[in-house]
Amino acid sequence: MTPPLADDVKGRIGAAGPLPLDAFMGLAAEAYYRRARVFGASGDFITAPEISQVFGELVGLWCALRWLADGSPSRAILAECGPGRGTLIADALRATRAVPGFHAAIALHLIETSPTLRSLQAEALGGFPARWHDRLADLPTDAPIYLVANEFLDALPIRQFVRRGAAWRERQVGLDGDRLVLVDGPDASPPPDLLADLPDPVDGGILEHRPAADAFARDLATRLVAQGGAALILDYGPAHSGYGGSLQAVARHAYADPLAEPGEADLTAHLDFGRLAAVARSAGLAAFGPAHQGHWLLAMGVRERTAQLAANATPAQAALLASGAARLCETPAMGRLFKVLALLPGRPETPEGF
Ligand code: SAH
(Lines give C-alpha, C1' and ligand atoms only; values in the text may rest on other atoms or scores of the structure.)
Protein backbone atom coordinates (compact mmCIF):
# COMPACT_ATOMS: atom_id res chain seq x y z
CA MET A 1 0.00 0.00 0.00
CA THR A 2 1.24 3.46 -0.84
CA PRO A 3 1.52 5.79 2.17
CA PRO A 4 -1.17 8.49 2.46
CA LEU A 5 -0.60 11.49 0.19
CA ALA A 6 -0.97 13.76 3.26
CA ASP A 7 2.38 12.53 4.64
CA ASP A 8 4.11 13.18 1.35
CA VAL A 9 2.58 16.67 1.06
CA LYS A 10 3.53 17.53 4.64
CA GLY A 11 7.08 16.37 3.99
CA ARG A 12 7.34 18.55 0.91
CA ILE A 13 5.95 21.59 2.67
CA GLY A 14 8.25 21.02 5.64
CA ALA A 15 11.24 20.93 3.31
CA ALA A 16 10.37 23.52 0.67
CA GLY A 17 7.60 25.72 2.12
CA PRO A 18 3.90 26.08 1.29
CA LEU A 19 2.41 24.69 -1.93
CA PRO A 20 0.19 26.80 -4.17
CA LEU A 21 -3.43 25.64 -3.88
CA ASP A 22 -3.60 24.56 -7.53
CA ALA A 23 -0.53 22.35 -7.13
CA PHE A 24 -2.07 20.78 -4.02
CA MET A 25 -5.39 20.21 -5.76
CA GLY A 26 -3.68 18.62 -8.77
CA LEU A 27 -1.81 16.14 -6.55
CA ALA A 28 -4.98 15.33 -4.59
CA ALA A 29 -7.06 14.75 -7.74
CA GLU A 30 -4.46 12.51 -9.32
CA ALA A 31 -4.30 10.33 -6.21
CA TYR A 32 -8.04 10.35 -5.68
CA TYR A 33 -9.20 9.31 -9.15
CA ARG A 34 -6.60 6.54 -9.24
CA ARG A 35 -8.59 4.73 -6.55
CA ALA A 36 -11.43 2.37 -7.29
CA ARG A 37 -13.94 3.65 -4.75
CA VAL A 38 -15.14 6.91 -6.16
CA PHE A 39 -18.67 7.24 -7.42
CA GLY A 40 -22.01 5.66 -6.91
CA ALA A 41 -24.05 4.68 -3.90
CA SER A 42 -21.14 2.75 -2.34
CA GLY A 43 -18.57 5.43 -3.19
CA ASP A 44 -18.03 9.00 -2.10
CA PHE A 45 -20.53 10.87 -4.19
CA ILE A 46 -23.20 10.39 -6.79
CA THR A 47 -23.40 12.22 -10.09
CA ALA A 48 -26.35 12.89 -12.39
CA PRO A 49 -25.79 9.95 -14.78
CA GLU A 50 -25.80 7.61 -11.76
CA ILE A 51 -29.16 9.01 -10.60
CA SER A 52 -31.13 8.32 -13.78
CA GLN A 53 -30.28 6.70 -17.09
CA VAL A 54 -32.35 9.42 -18.76
CA PHE A 55 -29.60 11.97 -18.08
CA GLY A 56 -27.04 10.24 -20.31
CA GLU A 57 -29.70 9.40 -22.87
CA LEU A 58 -30.69 13.05 -23.32
CA VAL A 59 -27.05 14.19 -23.45
CA GLY A 60 -26.45 11.56 -26.16
CA LEU A 61 -29.51 12.69 -28.09
CA TRP A 62 -28.31 16.29 -27.92
CA CYS A 63 -25.04 15.23 -29.60
CA ALA A 64 -26.90 13.25 -32.26
CA LEU A 65 -29.23 16.21 -32.93
CA ARG A 66 -26.21 18.50 -33.38
CA TRP A 67 -24.69 15.96 -35.78
CA LEU A 68 -27.96 15.89 -37.74
CA ALA A 69 -28.11 19.71 -37.74
CA ASP A 70 -24.61 19.75 -39.24
CA GLY A 71 -25.85 17.62 -42.15
CA SER A 72 -24.92 14.16 -40.78
CA PRO A 73 -21.18 14.27 -41.57
CA SER A 74 -20.01 10.79 -42.60
CA ARG A 75 -17.20 10.83 -40.02
CA ALA A 76 -17.44 12.45 -36.60
CA ILE A 77 -15.79 12.30 -33.19
CA LEU A 78 -17.94 11.68 -30.14
CA ALA A 79 -15.85 12.71 -27.14
CA GLU A 80 -16.35 12.76 -23.40
CA CYS A 81 -14.06 14.40 -20.86
CA GLY A 82 -13.79 12.69 -17.48
CA PRO A 83 -16.30 9.88 -18.08
CA GLY A 84 -16.10 8.55 -14.49
CA ARG A 85 -17.59 5.05 -14.44
CA GLY A 86 -18.74 5.35 -18.06
CA THR A 87 -22.44 5.43 -17.18
CA LEU A 88 -23.26 8.59 -19.15
CA ILE A 89 -21.57 7.47 -22.34
CA ALA A 90 -23.10 3.97 -22.18
CA ASP A 91 -26.59 5.50 -21.80
CA ALA A 92 -25.83 8.01 -24.58
CA LEU A 93 -24.77 5.25 -26.97
CA ARG A 94 -27.80 3.11 -26.22
CA ALA A 95 -30.17 6.04 -26.76
CA THR A 96 -28.62 7.02 -30.09
CA ARG A 97 -28.57 3.54 -31.66
CA ALA A 98 -31.82 4.34 -33.43
CA VAL A 99 -30.53 7.57 -35.04
CA PRO A 100 -29.89 6.47 -38.64
CA GLY A 101 -26.20 6.64 -39.59
CA PHE A 102 -24.98 8.11 -36.28
CA HIS A 103 -23.18 5.07 -34.91
CA ALA A 104 -21.69 4.30 -38.31
CA ALA A 105 -20.27 7.83 -38.44
CA ILE A 106 -18.84 8.26 -34.95
CA ALA A 107 -15.52 7.28 -33.47
CA LEU A 108 -15.62 7.37 -29.66
CA HIS A 109 -12.80 9.18 -27.85
CA LEU A 110 -12.57 9.41 -24.06
CA ILE A 111 -10.38 11.88 -22.21
CA GLU A 112 -9.41 10.31 -18.92
CA THR A 113 -6.17 10.27 -16.95
CA SER A 114 -7.05 7.64 -14.34
CA PRO A 115 -6.10 4.07 -15.33
CA THR A 116 -8.62 2.70 -12.82
CA LEU A 117 -11.47 4.66 -14.34
CA ARG A 118 -10.35 3.85 -17.89
CA SER A 119 -10.90 0.16 -17.18
CA LEU A 120 -14.31 0.79 -15.57
CA GLN A 121 -15.25 2.81 -18.66
CA ALA A 122 -14.17 0.02 -21.02
CA GLU A 123 -16.34 -2.37 -19.01
CA ALA A 124 -19.37 -0.05 -19.18
CA LEU A 125 -18.97 0.21 -22.96
CA GLY A 126 -19.46 -3.54 -23.33
CA GLY A 127 -17.27 -3.88 -26.41
CA PHE A 128 -18.13 -0.57 -28.12
CA PRO A 129 -14.76 0.55 -29.54
CA ALA A 130 -13.16 3.60 -27.95
CA ARG A 131 -9.82 5.34 -27.74
CA TRP A 132 -8.50 6.99 -24.60
CA HIS A 133 -6.45 10.17 -24.31
CA ASP A 134 -4.94 12.23 -21.51
CA ARG A 135 -5.82 15.59 -23.02
CA LEU A 136 -8.24 17.37 -25.32
CA ALA A 137 -5.23 18.31 -27.46
CA ASP A 138 -4.78 14.60 -28.33
CA LEU A 139 -8.12 14.27 -30.15
CA PRO A 140 -7.88 13.66 -33.93
CA THR A 141 -7.96 16.79 -36.05
CA ASP A 142 -9.82 15.53 -39.11
CA ALA A 143 -13.55 15.37 -38.22
CA PRO A 144 -16.18 17.41 -36.37
CA ILE A 145 -16.19 16.93 -32.60
CA TYR A 146 -19.31 16.42 -30.47
CA LEU A 147 -18.02 16.72 -26.94
CA VAL A 148 -19.60 16.38 -23.52
CA ALA A 149 -18.15 17.08 -20.09
CA ASN A 150 -20.20 16.41 -16.97
CA GLU A 151 -18.60 17.37 -13.65
CA PHE A 152 -15.20 17.40 -15.31
CA LEU A 153 -14.05 21.01 -15.08
CA ASP A 154 -15.02 21.32 -11.40
CA ALA A 155 -12.29 18.79 -10.58
CA LEU A 156 -9.51 20.76 -12.29
CA PRO A 157 -7.25 22.77 -9.95
CA ILE A 158 -8.07 26.34 -8.96
CA ARG A 159 -5.97 29.22 -7.73
CA GLN A 160 -7.34 31.38 -4.92
CA PHE A 161 -6.46 35.01 -4.29
CA VAL A 162 -7.26 36.84 -1.09
CA ARG A 163 -7.45 40.63 -0.84
CA ARG A 164 -5.23 42.14 1.87
CA GLY A 165 -5.35 45.92 1.96
CA ALA A 166 -4.54 47.13 -1.55
CA ALA A 167 -2.88 43.88 -2.66
CA TRP A 168 -3.83 40.36 -3.68
CA ARG A 169 -2.04 37.40 -2.09
CA GLU A 170 -2.14 33.90 -3.51
CA ARG A 171 -3.42 31.27 -1.11
CA GLN A 172 -1.17 28.33 -0.44
CA VAL A 173 -1.31 25.16 1.60
CA GLY A 174 1.02 25.34 4.57
CA LEU A 175 1.52 23.61 7.90
CA ASP A 176 0.26 24.54 11.35
CA GLY A 177 1.99 21.96 13.54
CA ASP A 178 0.96 18.72 11.85
CA ARG A 179 -2.16 20.17 10.22
CA LEU A 180 -2.47 21.35 6.62
CA VAL A 181 -3.94 24.86 6.55
CA LEU A 182 -4.49 27.65 4.02
CA VAL A 183 -1.97 30.47 4.33
CA ASP A 184 -1.44 33.76 2.53
CA GLY A 185 1.34 33.32 -0.01
CA PRO A 186 3.20 35.89 -2.06
CA ASP A 187 1.61 38.90 -3.79
CA ALA A 188 0.01 37.75 -7.05
CA SER A 189 -2.76 39.09 -9.24
CA PRO A 190 -5.82 37.41 -10.68
CA PRO A 191 -6.19 37.90 -14.47
CA PRO A 192 -7.10 41.55 -15.16
CA ASP A 193 -9.97 40.57 -17.47
CA LEU A 194 -11.54 38.52 -14.67
CA LEU A 195 -11.38 41.55 -12.36
CA ALA A 196 -12.64 43.96 -15.03
CA ASP A 197 -16.28 42.92 -14.70
CA LEU A 198 -16.35 42.73 -10.90
CA PRO A 199 -17.03 45.37 -8.24
CA ASP A 200 -14.04 46.53 -6.18
CA PRO A 201 -12.92 43.81 -3.77
CA VAL A 202 -13.43 44.14 -0.03
CA ASP A 203 -10.65 43.38 2.43
CA GLY A 204 -10.45 39.62 2.94
CA GLY A 205 -12.40 38.97 -0.26
CA ILE A 206 -11.53 35.79 -2.14
CA LEU A 207 -11.37 35.32 -5.87
CA GLU A 208 -10.93 31.98 -7.61
CA HIS A 209 -9.41 31.37 -11.01
CA ARG A 210 -9.05 28.07 -12.88
CA PRO A 211 -6.33 28.45 -15.52
CA ALA A 212 -6.95 24.90 -16.79
CA ALA A 213 -10.58 25.77 -17.61
CA ASP A 214 -9.45 28.84 -19.58
CA ALA A 215 -7.01 26.64 -21.51
CA PHE A 216 -9.74 24.06 -22.07
CA ALA A 217 -12.10 26.72 -23.50
CA ARG A 218 -9.39 28.06 -25.82
CA ASP A 219 -8.30 24.59 -27.02
CA LEU A 220 -11.91 23.57 -27.54
CA ALA A 221 -12.58 26.75 -29.51
CA THR A 222 -9.57 26.16 -31.77
CA ARG A 223 -10.82 22.64 -32.53
CA LEU A 224 -14.50 23.45 -33.01
CA VAL A 225 -13.74 26.44 -35.24
CA ALA A 226 -11.40 24.34 -37.40
CA GLN A 227 -13.29 21.02 -37.37
CA GLY A 228 -16.92 21.85 -36.63
CA GLY A 229 -19.11 20.17 -34.03
CA ALA A 230 -20.49 21.24 -30.65
CA ALA A 231 -19.79 20.95 -26.93
CA LEU A 232 -22.09 20.54 -23.95
CA ILE A 233 -20.64 21.44 -20.56
CA LEU A 234 -22.62 20.35 -17.50
CA ASP A 235 -21.37 21.27 -14.07
CA TYR A 236 -22.12 23.13 -10.87
CA GLY A 237 -21.40 26.78 -10.26
CA PRO A 238 -22.66 30.32 -10.76
CA ALA A 239 -23.79 31.84 -14.08
CA HIS A 240 -21.65 34.95 -13.44
CA SER A 241 -18.19 35.44 -11.98
CA GLY A 242 -18.08 36.71 -8.41
CA TYR A 243 -16.15 36.74 -5.16
CA GLY A 244 -16.06 33.88 -2.68
CA GLY A 245 -14.18 30.67 -2.02
CA SER A 246 -15.93 27.46 -3.09
CA LEU A 247 -13.35 24.73 -2.55
CA GLN A 248 -15.11 21.66 -1.15
CA ALA A 249 -14.42 18.03 -0.40
CA VAL A 250 -16.86 15.13 -0.32
CA ALA A 251 -16.17 11.68 1.07
CA ARG A 252 -18.74 8.96 1.74
CA HIS A 253 -21.59 11.30 0.81
CA ALA A 254 -20.68 13.95 3.40
CA TYR A 255 -18.71 17.18 3.26
CA ALA A 256 -15.16 16.84 4.52
CA ASP A 257 -12.26 19.19 5.30
CA PRO A 258 -10.71 19.87 1.86
CA LEU A 259 -7.17 19.86 3.25
CA ALA A 260 -7.29 17.11 5.87
CA GLU A 261 -6.84 14.02 3.71
CA PRO A 262 -5.68 14.81 0.18
CA GLY A 263 -6.40 11.92 -2.18
CA GLU A 264 -9.08 10.47 0.10
CA ALA A 265 -11.93 12.86 -0.74
CA ASP A 266 -13.26 14.36 -3.98
CA LEU A 267 -11.98 17.91 -4.17
CA THR A 268 -13.90 20.34 -6.38
CA ALA A 269 -14.78 24.00 -6.68
CA HIS A 270 -17.51 25.88 -8.55
CA LEU A 271 -17.16 26.16 -12.28
CA ASP A 272 -17.33 29.85 -13.21
CA PHE A 273 -19.70 29.56 -16.20
CA GLY A 274 -19.50 33.29 -16.93
CA ARG A 275 -15.75 33.08 -17.29
CA LEU A 276 -15.86 29.89 -19.37
CA ALA A 277 -18.39 31.43 -21.78
CA ALA A 278 -16.36 34.66 -22.01
CA VAL A 279 -13.11 32.85 -22.81
CA ALA A 280 -14.87 30.63 -25.37
CA ARG A 281 -16.51 33.66 -27.01
CA SER A 282 -13.26 35.56 -27.23
CA ALA A 283 -11.78 32.47 -28.95
CA GLY A 284 -14.52 32.41 -31.59
CA LEU A 285 -17.35 30.26 -30.25
CA ALA A 286 -21.01 31.06 -29.67
CA ALA A 287 -22.18 30.27 -26.14
CA PHE A 288 -25.75 29.33 -25.13
CA GLY A 289 -26.80 29.32 -21.50
CA PRO A 290 -25.88 28.48 -18.90
CA ALA A 291 -29.36 27.05 -18.45
CA HIS A 292 -30.39 25.53 -15.14
CA GLN A 293 -29.91 21.78 -15.47
CA GLY A 294 -33.55 21.23 -14.52
CA HIS A 295 -34.78 23.55 -17.26
CA TRP A 296 -32.53 21.99 -19.86
CA LEU A 297 -33.60 18.45 -18.95
CA LEU A 298 -37.28 19.39 -19.07
CA ALA A 299 -36.83 21.08 -22.45
CA MET A 300 -35.04 17.95 -23.72
CA GLY A 301 -37.97 15.74 -22.67
CA VAL A 302 -36.94 14.20 -19.34
CA ARG A 303 -40.60 13.82 -18.29
CA GLU A 304 -41.70 12.14 -21.49
CA ARG A 305 -38.73 9.76 -21.59
CA THR A 306 -39.14 8.85 -17.92
CA ALA A 307 -42.86 8.14 -18.43
CA GLN A 308 -42.04 5.98 -21.46
CA LEU A 309 -39.56 3.91 -19.46
CA ALA A 310 -41.91 3.68 -16.48
CA ALA A 311 -44.70 2.29 -18.68
CA ASN A 312 -42.60 -0.84 -19.29
CA ALA A 313 -41.12 -1.13 -15.79
CA THR A 314 -42.14 -2.78 -12.53
CA PRO A 315 -43.85 -0.44 -10.01
CA ALA A 316 -40.62 -0.35 -7.94
CA GLN A 317 -38.51 0.55 -10.99
CA ALA A 318 -41.09 3.15 -12.06
CA ALA A 319 -40.94 4.79 -8.63
CA LEU A 320 -37.13 4.90 -8.84
CA LEU A 321 -37.26 6.46 -12.30
CA ALA A 322 -39.70 9.11 -11.12
CA SER A 323 -37.70 10.01 -8.01
CA GLY A 324 -34.48 10.11 -10.05
CA ALA A 325 -35.96 12.53 -12.58
CA ALA A 326 -37.38 14.68 -9.78
CA ARG A 327 -34.02 14.76 -8.02
CA LEU A 328 -32.25 15.87 -11.20
CA CYS A 329 -34.74 18.60 -12.07
CA GLU A 330 -36.35 19.88 -8.94
CA THR A 331 -33.98 19.88 -5.99
CA PRO A 332 -32.24 23.26 -5.62
CA ALA A 333 -28.79 21.66 -5.75
CA MET A 334 -29.22 19.51 -8.83
CA GLY A 335 -31.82 21.53 -10.69
CA ARG A 336 -30.45 25.03 -10.13
CA LEU A 337 -26.85 25.01 -8.95
CA PHE A 338 -26.08 22.61 -11.79
CA LYS A 339 -26.04 24.29 -15.17
CA VAL A 340 -25.63 23.48 -18.83
CA LEU A 341 -23.63 25.50 -21.33
CA ALA A 342 -23.45 24.84 -25.07
CA LEU A 343 -20.49 26.01 -27.16
CA LEU A 344 -20.74 26.02 -30.95
CA PRO A 345 -18.67 27.40 -33.81
CA GLY A 346 -19.96 29.75 -36.51
CA ARG A 347 -23.28 31.55 -36.27
CA PRO A 348 -25.52 28.75 -35.07
CA GLU A 349 -29.22 28.78 -34.32
CA THR A 350 -30.11 28.14 -30.68
CA PRO A 351 -29.37 24.47 -29.97
CA GLU A 352 -31.81 22.05 -28.37
CA GLY A 353 -32.76 22.64 -24.76
CA PHE A 354 -31.79 26.35 -24.47
N1 SAH B 1 -18.40 12.61 -15.58
C2 SAH B 1 -18.47 11.61 -14.54
C3 SAH B 1 -17.36 11.74 -13.49
C4 SAH B 1 -16.93 13.07 -13.01
S5 SAH B 1 -15.54 13.00 -11.89
C6 SAH B 1 -19.83 11.59 -13.91
O7 SAH B 1 -20.60 12.50 -14.15
O8 SAH B 1 -20.15 10.65 -13.19
C9 SAH B 1 -14.22 13.65 -12.82
C10 SAH B 1 -13.68 12.77 -13.91
O11 SAH B 1 -12.62 13.49 -14.58
C12 SAH B 1 -13.03 11.47 -13.49
O13 SAH B 1 -13.28 10.51 -14.50
C14 SAH B 1 -11.56 11.82 -13.39
O15 SAH B 1 -10.70 10.72 -13.42
C16 SAH B 1 -11.41 12.72 -14.58
N17 SAH B 1 -10.32 13.68 -14.47
C18 SAH B 1 -10.02 14.47 -13.41
N19 SAH B 1 -8.99 15.30 -13.70
C20 SAH B 1 -8.65 15.03 -14.99
C21 SAH B 1 -7.67 15.57 -15.88
N22 SAH B 1 -6.84 16.55 -15.49
N23 SAH B 1 -7.61 15.08 -17.12
C24 SAH B 1 -8.44 14.10 -17.54
N25 SAH B 1 -9.39 13.55 -16.73
C26 SAH B 1 -9.49 14.01 -15.48
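A. Looking closely at the sheet that holds strand β12 (residues 254-256). The sheet built from three strands is open, its strands ordered β12-β11-β13 with antiparallel pairing. Edge positions in the open sheet fall to β12 and β13 (266-268), since each of these has one partner strand only. Here the strands of the sheet are splayed against their neighbours by 35° on average, with no regard to which way each runs. Relative to β12, strand β11 (residues 248-251) runs antiparallel, the two being bridged by three bridges. Across the sheet, Ala249 pairs through a bridge with Ala256, a residue of β12.

B. Local environment of the pairing of strand β15 (residues 338-345). Within β15, eight of the eight residues are buried, which leaves the element mostly enclosed by the surrounding structure. Burial of the side chains of β15 extends over both faces: Phe338, Val340, Ala342 and Leu344 are buried on one face and Lys339, Leu341, Leu343 and Pro345 on the other. As paired elements, strand β10 (residues 229-236) and β15 share six bridges and run antiparallel to each other. Within β15, the residue paired with Ile233 across the bridge is Leu341.

C. Looking closely at the sheet that holds strand β5 (residues 145-150). Taken in spatial order, the seven strands of this open sheet run β4-β3-β2-β5-β10-β15-β14, and their pairing is mixed. Where the open sheet ends on each side, the last strands, each with one partner, are β4 (130-133) and β14 (285-292). With strand direction ignored, the average angle separating the axes of adjacent strands in the sheet is 15°. In the sheet, strand β2 (residues 76-81) pairs with β5 via five bridges, with the strands oriented parallel. Looking at β5, one finds that Leu78 is bridged to Tyr146.

D. Examining the side chain of Gln121 more closely. Tracing the backbone shows Gln121 in helix α7 (residues 115-125). On the basis of relative accessibility, which here comes to 0%, the residue Gln121 falls in the buried class.

E. Up close: the site of the ligand. Looking at the ligand, there are 15 residues lining it, with Thr47, Gly82, Gly84, Glu112 and Asn150 nearest. Here Gly84 contributes a backbone N or O atom positioned 3.1 Å from an oxygen atom of the ligand. Its free accessible area being 570 Å², the ligand has 90% of it covered by the protein chains. According to the grid-proximity analysis, the pocket containing the ligand is the largest pocket. Its residues assigned to classes, the shell around the ligand shows seven nonpolar, six polar and two charged.

F. Main features of the pattern of salt bridges. Tallied over the full model, the rule gives 18 salt bridges. A salt bridge links Arg159 to Glu170; the shortest N-O distance between them is 2.6 Å. In this pair, Arg159 is assigned in strand β6 (residues 159-164) and Glu170 in strand β7 (residues 167-176), connecting sequence segments 11 residues apart. The partner of Arg275 in a salt bridge is Asp193, with the nearest N and O atoms 3.2 Å apart. Pair noted here: Arg275 is in helix α10 (residues 273-282) and Asp193 is in helix α8 (residues 192-196), with a separation of 82 residues, a long-range link. Exposure remark for Arg275: the relative accessible area of 11% places this residue in the buried category. When salt bridges that share partners are traced, they join Glu57, Asp91, Arg94 and Arg305 into one network.

G. Just α10, in detail. Regarding α10, the residues found buried are Phe273, Arg275, Leu276, Ala277, Val279 and Ala280. A side-chain oxygen of the first residue of α10 lies 3.2 Å from the backbone nitrogen of Gly274; this N-cap is Asp272. Once α10 ends, the next one or two residues include Gly284, with phi positive near 105°.

H. Region of the structure containing the environment of Phe354. With respect to the helices and strands, Phe354 occurs in the segment after β15. Given the relative accessible area of 30%, Phe354 is considered partly exposed. Considering only alpha carbons, one finds Phe354 and Trp296, 58 residues apart in sequence, at a separation of 6.4 Å. Those residues in contact with Phe354 that sit more than four places away from it in its chain are Trp62, Leu232, Phe288, Gly289, Ala291, Trp296, Val340, Leu341 and Ala342.

Calculation rules
- Residues numbered from 1 in each chain as written.
- Predicted model: local features only at pLDDT ≥ 70, side-chain atom pairs only at ≥ 80, totals over all residues.
- Heavy atoms only, no water.
- Pairing = 2+ DSSP bridges.
- Helix = DSSP H or I, 4+ residues; strand = E, 2+ residues; numbered from the N terminus.
- Axes fitted to C-alpha atoms, helices over the stretch in contact; angles between N-to-C directions.
- Buried < 20%, exposed > 50% of the residue type's maximum accessible area, 1.4 Å probe, protein only.
- Near = heavy atom within 4 Å.
- Polar contact = N/O pair within 3.5 Å; in protein donor to acceptor, adjacent residues only side chain to side chain.
- Areas by Shrake-Rupley, 256 points an atom, 1.4 Å probe, with all protein chains shown as cover.
- 1 Å grid on protein atoms, 1.4 Å probe; cavity = no way out; pocket = protein on both sides within 12 Å on 5 of 7 lines; lining within 4 Å.
- Sits in = over half its atoms within 2 Å of the grid points.
- Nonpolar A, V, L, I, M, F, W, Y, C, P; charged D, E, K, R; others polar.
- Salt bridge = Lys/Arg side-chain N within 4 Å of Asp/Glu carboxyl O.
- Contact = heavy atoms within 4.5 Å.

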